Amino acid sequence: MDSAFFFYLSAVGYFLAFVFYLLHLIGSPTEQKSGLGIVAVPQPWVLKQTTWGKIATWTTLVTVLIMTVGMVLRILEMHRVSDFWMLPVTNTYETLAFFAWAIPLVYLIFEWRYKMRVVGVFATGLAFLFIALASSPLLSSEVRPLVPALQSYWLVLHVSFTLGGEAFFAVAFGAGALFLWLQRRGGNLQTLKLLDNLGYKAIALGFPLFTLGGLVFGAIWAQHAWGRYWGWDPKETWMLITWFFYALYLHVRVKWGWRDAKTAWLAVLGFAVAMFTWWGVNYLLVGLHSYAG
Amino acid sequence: MRAFLKEIARDLYTFFTSITLAIVLISLIALLALLGTLIPQETFTREVDYIARYGVEGYNTLKKLQLTNIFGSWYFLFLMALFTLNLAACTHKRLMASWRYWKLPMGFIRPEDLKRFEHSYAISGSVCSDASPKIREVLQRHGYRVREHNSQILAEKWRWERFGIDVFHISLVIVIFGGLVTMLFGYRTFAIAHQGDVLRLPGADFAVRVNRFWSENYKNSERVMDWRTELTVIENDKEILTKTIEVNAPLRYKGYNFYQSAFGTDWQGAARVTLALFRADGTALGEFVGTVDDGFAVPSENIFVKIGAFLPDFALTENLIAYSRTQRLENPAVFVEIYDAQGFRLMRTWAFSRPEMQRFWETTMARVGGETPYRIKLVGMTAPEFTGLQITKDPGRPIVYFGFLFVIVGLLVHMYFKHRQIWVHISENEIVIAGMVRNNLKSFAEEFRRLVREIERLQIVTHPESELVV
């Protein structure tokens, strides 16, 4: 059995977890307009809302473990082909898998700290999207030898820290999106407060990782590989835009006291910018430049 | 006058320490940077590519607005300079605040106020006389620095963590400064070298010889594992050292760095082509070999054939300038001029190796310019391999690395340490414990609970009564 098999398996696992989290979310109580306080929404499902939540958590945990096995296998496969011990972060397929492994992992930490499961819909949903994209026929799962420019441990540090930071941003995105949705739906105030706080904590913790991975390790690797820290190429520039965006988030939150819907919007937009840095630059902007040879 | 200057200085300080300015500047820089990724920048784009994309007029407009070099344009540099000043000023302001915080000692707080703290606990009963030293010992065991003031124990740890975020901001300024030093006093060039070439650098008292270069494949594979170039440093006609560089492992000597950054076939600089020559009536004159910027004579015809240029991937811009779309051998073409014995040019043309291109070109030319005395076909081509070296001088490097180190240190301190303070008020019949921390931390709540439990276990309070009963 190779790593690709375990990744397929985890795609199934994340999808199941996503469905369970969704049932958990739909069944969660909302504040009714009648002013009677918190009233549970009638549930047509067999199980109680908390039970669905527990099943979802366990499914996610097991899936993350399955993915971890896949990652370890992938590392061994890479070593067999290239003779380098590297984390699987050297091409699009591997980075997608890494991201789909990191998001639920980061999410589970927050679930455990905050005793709140609603964000799981987004965490497992995103993880499913990414691992499904990786496992789709669009991308090859073949293990290729590393091209010369990628044979550097700075690359491993650079990509893993950047994606690690972005996994936190993904959780903040989930919390922000959910905040906006629940607010419109009239969710209870305590859940909203928790979501707001969770989103902020996720960005506050992800930002240092992202700074290290994107800014520091990225610049050092660029210096080693190309002889310059910074060259304003589209990838670097968009990374800086993303970094500025989250720096902005932290400053308006701390200095201007922005909260709730405003910062929730910023968290959602920030993740969109981060994803553009990853995908948009690769598939839209490079198109502009690639004709130059 | 002095008062006036002082006022201006204060106004400037207020202006540059404003967080609004920071946010406006960050947004503007981000917007310009975004534009710079949508319009190809001239550092990695050739003129012909601009013209192919925007047309001559569009290109000229972009150039006038400096949009082809946004990151070097005066307005971008101006914004960056403002931002750096802003960052430095804000850092200064914050640092002063941290300094005031550092100087501000913990003070006595009345027990009834302590009871209102979020982390607070009271034990009632008659308190032993040796309660204070015992509690101090517990706190010290947990890493707290302890002081006593009016029968109140003041304990704290990690007060210095307040400076973490300042270190981070200062380090960002240092990194920008280091980058500036490299930009102003550094040097960067890309050199294409063949075997035996000796590279001389402006301002350097040494030269570097390219002994040989080669590419290594993975075992049983066509894939490149690494490119290597063996370099020898020559100083005063003496060989100082020889090192084989590879991608990600440069040679560093006297502040200069030599990076392996490319490897390939030097089609445009040094292609060697084989041409088949025909008279206009179709008589074959044979095949001849020549290199770019040189040519060959055809004695039987008394002509000289000059090879003006070779393009591995021929294409035309909208105003009919020929250029090479890529450096791969996709659509090879050679530009040829034919001179007679007196040096008078008889004709010039492009010759192609793809037959459909050759046919297309010949029919088009025949329609436009009429008959030519000779026909030329491109039948073979080779080119020497080259090694591409990135050569840099980077005086800002230690500054940048120093900055990076403290960016990391500052962030780690800010993330993992939070200033923790504990007050213990001891009176005859009550002990009040209260704690405070920057950001409401779960880990502090746990430590607080642990501390309370340990103090209770000391059994310094006899007949303890619950607060509620009293």
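Since we're looking at a predicted model, the values are computed, not measured.

## Quick word on the overall build of chain A
(1) Moving on: Scanning chain A from N- to C-terminus turns up eight helices and two strands.
(2) Moving on: Listing every helix and strand of chain A by position from the N terminus yields α-β-β-α-α-α-α-α-α-α.
(3) Moving on: Over its C-alpha atoms chain A spans a radius of gyration of 20 Å, differing by no more than 12% from the 19 Å that the globule rule assigns to 293 residues.
(4) Moving on: By its C-alpha atoms, chain A is 65 × 50 × 35 Å across when sized along the principal axes.

## Some words on the interface of chain B and chain A
(1) Moving on: In this assembly, 56 residues from chain B lie in contact with 48 residues from chain A.
(2) Moving on: When chain B packs against chain A, the two sides together hide about 4,600 Å² of surface, and 67% of this comes from carbon and sulfur.
(3) Moving on: If you sort the residues of chain B by the area they bury against chain A, B:T37, B:Y218 and B:N248 come out on top, with a joint share of 15%.
(4) Moving on: The tally of links from chain B across to chain A stands at zero salt bridges.
(5) Moving on: Counting the contacts that link chain B with chain A gives eight residue pairs in polar contact (both at pLDDT 80 or more).
(6) Moving on: In terms of residues, the side of chain B that touches chain A owes the most to one element, helix α2 (residues 19-38) of chain B, which gives 11 residues.
(7) Moving on: Taken together, the residues of the side of chain B that touches chain A sort by class into 30 nonpolar, 14 polar and 12 charged.

## What about the environment of A:P104?
Residues and elements named next belong to chain A.
(1) Moving on: Among the secondary structure elements, P104 is positioned in helix α3 (residues 92-114).
(2) Moving on: Taking relative accessible area as the criterion, P104 reaches 0% and is therefore assigned buried.
(3) Moving on: In the structure, P104 is positioned 28 residues away from A132 in sequence and 15 Å away in space, judged by C-alpha atoms.
(4) Moving on: For P104, the contacting residues outside a window of four places in its chain are Y14, T60, V64, F99 and A127.

## Considering the packing of helix α2 (residues 49-82) of chain A against α3(A)
Residue and element names in this part refer to chain A.
(1) Moving on: Here α2 crosses α3 at 145°, and the two axes come no closer than 10 Å. Of the two possible hands of crossing, α2 and α3 adopt the one that is left-handed. Of α3, the residues touching α2 (which contributes T57, T60, L61, V64, M67, T68, M71, R74 and M78) are Y93, E94, A97, F98, A100, W101, P104, L105, L108 and E111.
(2) Moving on: Each residue belonging to the contact of α2 with α3 can be placed in one class, and the counts come to 13 nonpolar, three polar and three charged.

## Some points on the pairing of strand β18 (residues 345-352) of chain B
Residues and elements named next belong to chain B.
(1) Moving on: Of the strand pairs in this sheet, strand β17 (residues 333-340) and β18 are connected by seven bridges, and their pairing is antiparallel. The residue bridging V334 from the neighbouring strand is A351, located in β18.
(2) Moving on: What sits between β17 and β18 in their antiparallel hairpin is a turn of four residues, with G343 showing a positive phi close to 80°.

## Some thoughts on the sheet that holds strand β8 (residues 238-246) of chain B
Backbone hydrogen bonds are what pair the strands of a sheet, in a parallel or an antiparallel way.
Residue and element names in this part refer to chain B.
(1) Moving on: What the four strands build is an open sheet, ordered β5-β6-β7-β8; its pairing is antiparallel. In this open sheet, the two edge strands, each paired with only one partner strand, are β5 (198-200) and β8. Averaged over all adjacent pairs, the angle separating strand axes in this sheet is 30°, with direction ignored.
(2) Moving on: Bridge count between strand β6 (residues 207-217) and strand β7 (residues 224-235): 10 bridges; the pairing is antiparallel. Each residue of the ladder has a partner; that of F213, found in β7, is T229.

## A few points about the domain arrangement of chain A
Residues and elements named next belong to chain A.
(1) Moving on: Segmentation of chain A into domains returns domain 1 (1-146) and domain 2 (151-293).
(2) Moving on: The straight-line distance from the C-alpha centre of domain 1 to that of domain 2 is 20 Å.
(3) Moving on: At the interface, 32 residues of domain 1 touch 36 residues of domain 2.
(4) Moving on: For the domain 1 and domain 2 pair, buried surface summed over both sides reaches about 3,100 Å², with 80% attributable to carbon and sulfur atoms.
(5) Moving on: Contact with domain 2 buries surface across domain 1, with F99, F110 and Y114 losing the most and accounting together for 21% of the total.
(6) Moving on: There are zero salt bridges connecting domain 1 and domain 2.
(7) Moving on: For the pair domain 1 and domain 2, the interface holds three residue pairs in polar contact (both at pLDDT 80 or more).
(8) Moving on: Of all the secondary structure elements, the ones that give two or more residues to the side of domain 1 that touches domain 2 are α1 (3-26), β1 (30-31), α3 and α4 (120-135).
(9) Moving on: The dominant element in the side of domain 1 that touches domain 2, judged by the number of residues it contributes, is α3, at 11 residues.

## Some words on the pattern of salt bridges
(1) Moving on: For the coordinates displayed, the defined rule picks out 32 salt bridges over all chains.
(2) Moving on: Between A:R228 and A:D233 there is a salt bridge, and its shortest N-O distance comes to 3.9 Å.
(3) Moving on: The exposure class assigned to A:R228 is buried, which follows from its relative accessible area of 14%.
(4) Moving on: Relative accessible area serves as the criterion here: at 21%, A:D233 is assigned to the partly exposed category.
(5) Moving on: A salt bridge links B:E430 to B:K115, with the shortest nitrogen-to-oxygen separation between them at 2.9 Å. Placement of B:E430 in strand β22 (residues 430-437) and of B:K115 in the loop between α5 (111-114) and β1 (119-127) is noted, with a sequence separation of 315 residues between them.
(6) Moving on: When its relative accessible area of 15% is taken as the criterion, B:E430 is described as buried.
(7) Moving on: Salt bridges sharing common partners tie together B:R110, B:E112, B:D113 and B:R116.

Definitions and cut-offs
- Residues numbered from 1 in each chain as written.
- Chains lettered and ligands numbered in written order.
- Predicted model: local features only at pLDDT ≥ 70, side-chain atom pairs only at ≥ 80, totals over all residues.
- Heavy atoms only, no water.
- Helix = DSSP H or I, 4+ residues; strand = E, 2+ residues; numbered from the N terminus.
- Rg over C-alpha atoms; globule rule 2.2 N^0.38 Å.
- Contact = heavy atoms within 4.5 Å.
- Buried area = accessible area lost by both parts, 1.4 Å probe.
- Salt bridge = Lys/Arg side-chain N within 4 Å of Asp/Glu carboxyl O.
- Polar contact = N/O pair within 3.5 Å; in protein donor to acceptor, adjacent residues only side chain to side chain.
- Nonpolar A, V, L, I, M, F, W, Y, C, P; charged D, E, K, R; others polar.
- Buried < 20%, exposed > 50% of the residue type's maximum accessible area, 1.4 Å probe, protein only.
- Axes fitted to C-alpha atoms, helices over the stretch in contact; angles between N-to-C directions.
- Left-handed = near helix turned anticlockwise from the far one by under 90°.
- Pairing = 2+ DSSP bridges.
- Domains from an automatic or database assignment.

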